[in-house]
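What follows is each chain in one-letter form.
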Amino acid sequence: MKRLGGMILKMKKTKAKRFKDVFGQYIKNPDLEPIILDSEVRLIEINQKSGAARISLAFSDFIDINGIQKAEKIISEALGISAVIDPTYPPNTLNEGCFPTIMALLKRRVAAVNGAFEGASCHIEDERFMVYLTHGGLNVIQTTKTDSILKKLIQDTFGRHIELVFDGVTEVSTESREYRKLMEEAEREAALAKETAIAAMVAEPSDRKPAAGKPVTPGKPADPTKPPADGLPIYLETARTVLGPEIREKPVPLSSLEPHGGTYTVWGRVFDSEVRSFRDGTKLRYTYKITDQTSSVTAILWLDVKRDKTKISALEGVEEGSCIIISGVYEYDRFANDNIITPKSIAAVAPYIKQDTAKTKRVELHSHTKMSAMDAVSDAESLVLRAAEWGHKAIAITDHGVVQAFPDAMNAAAKAKKQGKEIKILYGVEGYYINDSIDIVQGNESQAFDGDFIVFDIETTGLNPQNERITEIGALRLCNGEIKDSFSTFVNPGKPISEKITQLTGITDEMVKDAPAEQQAIEDFYAFCGDTKVLVAHNAPFDTSFIMAA
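These remarks concern the structure in this document.

### Observations concerning the environment of Asn-467
Step number 1: Structurally, Asn-467 can be placed in the loop between strand E18 (453-460) and strand E19 (470-479).
Step number 2: The partly exposed category is assigned to Asn-467, whose relative accessible area is 49%.
Step number 3: With 79 residues separating them in the primary sequence, Asn-467 and Phe-546 have C-alpha atoms 9.9 Å apart.

### A word on helix H6 (residues 146-158)
Step number 1: When the terminal C-alpha atoms of H6 are compared, their 18 Å separation across 13 residues agrees well with the 18 Å that a helix rising 1.5 Å per residue should span.
Step number 2: Every buried residue of H6 is accounted for by Thr-146, Asp-147, Leu-150, Leu-153, Ile-154, Thr-157 and Phe-158. Considered in projection along H6, the buried side chains sweep an arc of 115° and stay on one side of the axis.
Step number 3: Taken together, the buried residues of H6 touch strand E5 (82-88), helix H4 (99-109), strand E7 (128-133), helix H5 (138-143) and strand E8 (163-168).

### Observations concerning the side chain of His-368
Step number 1: The topology assignment puts His-368 in the loop between strand E15 (364-367) and helix H10 (380-389).
Step number 2: Take His-368: its relative accessible area is 14%, and that puts it in the buried class.
Step number 3: Separated by 3.4 Å, the side chains of His-368 and Ser-372 make a polar contact.
Step number 4: In terms of polar contacts, His-368 uses its side chain to reach the backbone carbonyl oxygen of Thr-398, at 2.7 Å.
Step number 5: Ignoring anything within four residues of it in the chain, the contact list for His-368 reads Asp-375, Ala-376, Leu-383, Thr-398, Asp-399, His-400 and Glu-430.

### So, the environment of Ser-76
Step number 1: Tracing the sequence through the fold places Ser-76 in helix H3 (residues 65-79).
Step number 2: Between the C-alpha atoms of Ser-76 and Ala-52, which are 24 residues apart in sequence, the distance is 9.1 Å.
Step number 3: Residue contacts for Ser-76: discarding those within four places in its chain leaves Ile-81, Ser-82 and Ala-83.
Step number 4: Engagement of the side chain of Ser-76 in a polar contact is seen with the backbone oxygen of Glu-72, the distance being 2.7 Å.

What counts as what
Residues numbered from 1 in each chain as written. Predicted model: local features only at pLDDT ≥ 70, side-chain atom pairs only at ≥ 80, totals over all residues. Heavy atoms only, no water. Helix = DSSP H or I, 4+ residues; strand = E, 2+ residues; numbered from the N terminus. Buried < 20%, exposed > 50% of the residue type's maximum accessible area, 1.4 Å probe, protein only. Expected span 1.5 Å × (residues − 1). Arc of directions from axis to C-beta. Contact = heavy atoms within 4.5 Å. Polar contact = N/O pair within 3.5 Å; in protein donor to acceptor, adjacent residues only side chain to side chain.

Here it is in structure tokens:
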């Protein structure tokens, strides 16, 4: 293993190593097939930032996509990463039975035309690979270069140079319902691929240490007490050229970029960045994802390692959090499978940060962090540091019924103090009103929390105790705060369990078919409770109503 800038771990092949020799000490799972355990490890690449791993395995025989996905799941769970296997097989194993696996591997490389291959099949004669389509869409396949990607996939995976031919229902009217459905599915798949960063899992390996220079700074200092005069949330007069000629055009919003492309000048804050090396190490690919809060876009720039040393040095400080202006061409990129900007010029610029200019500063006594579900998205640190920057003396953190943000708020106050800004944290919580007209305790027993009591829960076929039945009973006996005994049984409800209930509870008809009936199950539960006089349940009226009805 080789550490590369804290981001990429990569093992290059020096001599043949089997899967069980490399991963045996971490993965002890009898479910892995011998063909996987004996496969040859060609390459391992782990992106520590994203927690994604790419593993190239050479198999002695064909193994289908189900076996591949099973191995990926086992590796992911054992190592705590998201693992993807790139398989290679002997050339003579390529046959028509491999087609579902080939389609699944193709989906990982390009998801935009999955609908075109729905119901498709193949026929192989020598080096002629014929794909029979059933829904048309050949024009979409060719426009997106998926045919070329499929040929390369077969070459990379089986070592076979094939002639790819399409037959069957290849054409469909652009006005037809089938065509619209195909295109809509293609757009959905492309968006999903982008959101889940599938492209990042299959991108080229990187062997370049990421830049460790200081962040780039704008040119002239900005006056933070004055909003920008041109209406943009950035100070154009602070722009400092980082790459290319000086940018003179006023940036336009990212939301105004036209799909058909063109030359634009835009601005944005970098929220993700990456530097990767070409396979032979001669070129570097810089990827910057920026947003101006109206939309987001990816900028990709290729530089020659030897020829562009000055440019490479200048870009070292462009990193996450940098605010930049980009002038370049916005167009469709086949590699990214999306519209991107190819920069001609990049400049660092100072963003406008809203200020509190009041002579007497306020103290916020009602602040929610992202720990308040469905009511806030800011983390505690950003709230505390912003209040400190504005000169506020204190800030209250009052989340909905939780206090998990307290440590972050405390650490943020300490961080602000190191920066010369004092701020006090007011620790609070937004509590909940309990309707005391409803009894939450029934019975006359009086017992301390360290006494002996039973905590129980049930699962049912529905909500109405008169019509539905119990499917499971579980209970724990606690004494002095420790679990002393447990009880668990499935219950045969004597009626089918609906699909919706199975989705909610995970209990199927097969699981309860040999279980005791309600009467026997409840008698066993009573026997477990014994002389214990205190029982505890969440939403107890629901559970007890079913037991009473039974």
